[in-house]
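What follows is the residue order along each chain.
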Amino acid sequence: MTTRTDQVAIFRRGAVDLISEEELCKKLRRGTPLRIKAGFDPTAPDLHLGHTVLLQKMRQLQDLGHQIIFLIGDYTAKVGDPSGRSTTRPQLSDADIAQNVATYKAQVFNMLDPQQTEIRFNSEWLGAMTPADLFALAAKYTVARMLEREDFRQRLAQESEISILELLYPLLTGYDSVVLKADVELGGTDQKFNLTVARAIQRRYGVEEEILLTMPLLVGTDGVRKMSKSYGNHVAIQDPPREMFGKLMSISDALMWDYYLLLSACSAEEIAVRKCGHPKEAKVALAKELVTRFHSRDAAEQAAEEFSAIFRDKGKPTDMPTYAVVMQDDGHLLVDLLVGAGLTQSKGEARRLMTQHGVRLDDVVVNNIAHRVLTPGTYIVQVGKRRFCRITLGKGH
């Protein structure tokens, strides 16, 4: 049985803000499932791994027995979230929204249990609001507090336009939490202002305030900006297995651990073990896990095999010379193999090139002149930019 302390730790895993832990513990002490909400405006037809940071957290909390509410903002998508924007968003048509909604529903159940997920659309209540209802909602918050929002302050300083519609957005999403009686709401760090407004709106409607839980924005494959289709640094969850695997293998070793923390189902202990191993092996394991999640285990294995073959032979001549030698009990000095394969004229040249980082063994630079190859097998050895040899160390008879 998961203790309250364990539950709080799972809530906190990878999170940036938890407002507040004291309120969360109070809700957990009641012993009833919490209503946990996350809203997604269907502004694009496909989800990418950046979106699944929230979905992964939702699944973790769902596995604790809490009620997950996947809220599709089909009404607020017409308004446009101003978060992080320097200009007003263009409004989407009803047809665009309907098409995007259909793809969202098909994609989210790669992550969430459909039997334990409540899917709601905020057009149910927002579309039914009268002008009087909207006036009453608008009276619950002040312009002064709204203009404390960082993106609004920046736009005012730059004399950029802010539409009245944009001021309504956080009020409308806050009203979603009133209707749904959300105990917890998840969002990216860019949503903190909106979630804070939601707590205030709930309070002013006499509803117990929700817990605010924010998650980091996933950095894209470029290692610089947040993952976004518009930046071309995204991994779509509908990408073909081979493409998804290749994109994941392209991220830096440092960024990989953020992906583990925010996307993987591995425990903290399992991640710690992988950090002690080779980074490439850890990255392959991560890529396999995510391709399996969105496709299948067989697709992941095939993508890994294809990537390995391409990576091993990429940029290398198909007709490179070969060199075979019987494996010795104590292995072979790489220096001796370079000379024997004709890649260098002498051991002195081999040592010099190694110390100058000019020798690669299966795409890994080897600069230790005492390096020994200890395992039978076939290796691709590269000297400089143009000298290659496929060296096979076989067992003797």
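Residues numbered from 1 in each chain as written. Predicted model: local features only at pLDDT ≥ 70, side-chain atom pairs only at ≥ 80, totals over all residues. Heavy atoms only, no water.

## Things to note about the overall build of the protein
For clarity, the cut-off: Under the DSSP-based scheme used, a helix requires at least four consecutive residues in state H or I and a strand at least two consecutive residues in state E, with every element numbered from the N terminus. C-alpha atoms define the radius of gyration, and 2.2 Å times the number of residues to the power 0.38 defines the globule rule. Only protein chains enter the accessibility calculation, which uses a 1.4 Å probe; a residue is then buried when its area is under 20% of its type maximum, exposed when over 50%, and partly exposed in between. Contacts are assigned to residue pairs with any non-hydrogen atoms lying within 4.5 Å of each other. Each accessible area value is a Shrake-Rupley result obtained with a 1.4 Å probe; residue values ignore everything except the protein chains displayed when judging cover. Here the positive residues are Lys and Arg and the negative ones are Asp and Glu; neither His nor the chain ends is included. The atom standing in for a charge is NZ when the residue is Lys, CZ when it is Arg, CG when it is Asp and CD when it is Glu.
Assigned secondary structure in the protein consists of 17 helices and 13 strands. In terms of C-alpha radius of gyration, the protein reaches 27 Å, well past the compact-globule figure of 21 Å for 397 residues. Seen along its three principal axes, the alpha-carbon backbone of the protein occupies a region of about 90 × 55 × 35 Å. Within the protein, the fraction of its 397 residues that count as buried is 44%. Of the contacts made within the protein by residues no fewer than 6 positions apart, 71% connect residues no fewer than 24 positions apart. Per element, the accessible surface of the protein, about 19,900 Å² overall, is 52% carbon and sulfur. Of note, the protein has its 51 positive side-chain charges centred 3 Å away from the centre of its 50 negative side-chain charges.

## Notes on the sheet that holds strand β1 (residues 17-19)
Operational definition: Two strands qualify as a pair provided DSSP detects at least 2 bridges between them. Between N-to-C directions, angles span 0 to 180 degrees; the directions come from axes that are lines fitted to C-alpha atoms, helices contributing only their stretch in contact.
Read from one edge of the open sheet, 6 strands run β1-β6-β5-β2-β3-β4, paired in mixed fashion. Two strands close off the open sheet at either side, each with one partner strand: β1 and β4 (117-121). Recorded for the sheet is a direction-independent mean angle of 20 degrees between the axes of neighbouring strands. Examined bridge by bridge, β1 and strand β6 (residues 211-215) share 3 bridges and lie antiparallel to one another. Looking across to β6, one finds that L18 is bridged to L213. This element, helix α10 (residues 192-204), spans β1, β5 (184-188) and β6 of the sheet and lies at about 170 degrees to β6.

## Brief notes about the nonpolar core
So the rule is basically this: Nonpolar core, defined: a set of buried Ala, Val, Leu, Ile, Met, Phe, Trp, Tyr and Cys residues in which side-chain atoms within 4.5 Å join the residues together.
Counting residues in hydrophobic clusters, the biggest one holds 59 residues, and the most contacted among them are L49, L55, M58, L186 and Y259. Looking at this core element by element, the count peaks at 7 residues for helix α12 (residues 253-263). Apart from the residues within four sequence positions on either side, L186 is in contact with I36, K37, A38, L54, K57, M58, L61, L195 and L213. Within the second largest apolar cluster, 23 residues are counted, among which are L168, L171, Y175 and V207.

## So, the packing of aromatic side chains
Keep this limit in mind: Stacked, tilted and edge-to-face are the three classes applied to pairs of Phe, Tyr and Trp rings, where Trp contributes its six-membered ring and a pair requires centres within 6.5 Å; stacked means planes under 30 degrees apart, edge-to-face means over 60, and tilted covers the rest.
All told, the structure shown has 4 aromatic pairs when counted by the stated rule. Taken together, a centroid distance of 4.7 Å and an interplanar angle of 15 degrees make the contact between F40 and F70 stacked. With a gap of 30 residues between them, F40 in strand β2 (residues 35-40) and F70 in strand β3 (residues 67-72) connect regions that are remote in the sequence. Per residue, the accessibility class of F40 equals that of F70, and both read buried. Summarising the aromatic geometry, the rings of W257 and Y260 are spaced 5.2 Å apart at their centres and angled 25 degrees between planes, so their arrangement reads as stacked. One end of the pair, W257, and the other, Y260, are both in helix α12, 3 residues apart, so they sit about a helical turn from each other. Judged on exposure class, the residue W257 and its partner Y260 are both buried.

## Side note on the environment of A200
Of note, A200 is situated in helix α10. For A200 and G174, which are 26 residues apart along the polypeptide, the C-alpha to C-alpha distance reads 8.0 Å.

## Quick word on the pattern of salt bridges
Keep this limit in mind: For this document, the term salt bridge refers to a Lys or Arg side-chain nitrogen within 4 Å of an Asp or Glu carboxyl oxygen.
Enumeration over the complete set of coordinates arrives at 26 salt bridges. One salt bridge in this structure joins K247 and D239, with 2.9 Å as the shortest N-O distance. Residue classification places D239 among the buried residues on the basis of a relative accessible area of 9%. We note a salt bridge from K283 to D253, for which the minimum N-O separation is 2.9 Å. Of this pair, K283 sits in helix α14 (residues 279-294) while D253 is found in helix α12, placing the two residues 30 residues apart along the sequence. Overall, the relative accessible area of 38% leaves D253 in the partly exposed class. When salt bridges that share partners are traced, they join E23, R199, R203 and E209 into one network.

## A closer look at the pairing of strand β12 (residues 377-383)
Judged by how many residues are buried, β12 sits mostly within the fold: 5 of 7 residues are covered. Examined bridge by bridge, strand β9 (residues 359-361) and β12 share 3 bridges and lie antiparallel to one another. The residue of β12 that forms the bridge with R360 is Q382. Where β12 meets strand β13 (residues 387-394), 7 bridges bridge the pair, whose relative direction is antiparallel. From the neighbouring strand, T378 faces β13, where its bridge partner is T392. Remark: 3 residues form the turn of the hairpin made by β12 and β13, two consecutive strands paired antiparallel; G384 in that turn has positive phi of roughly 65 degrees.

Scope: geometric values only; no functional claims are made or implied.
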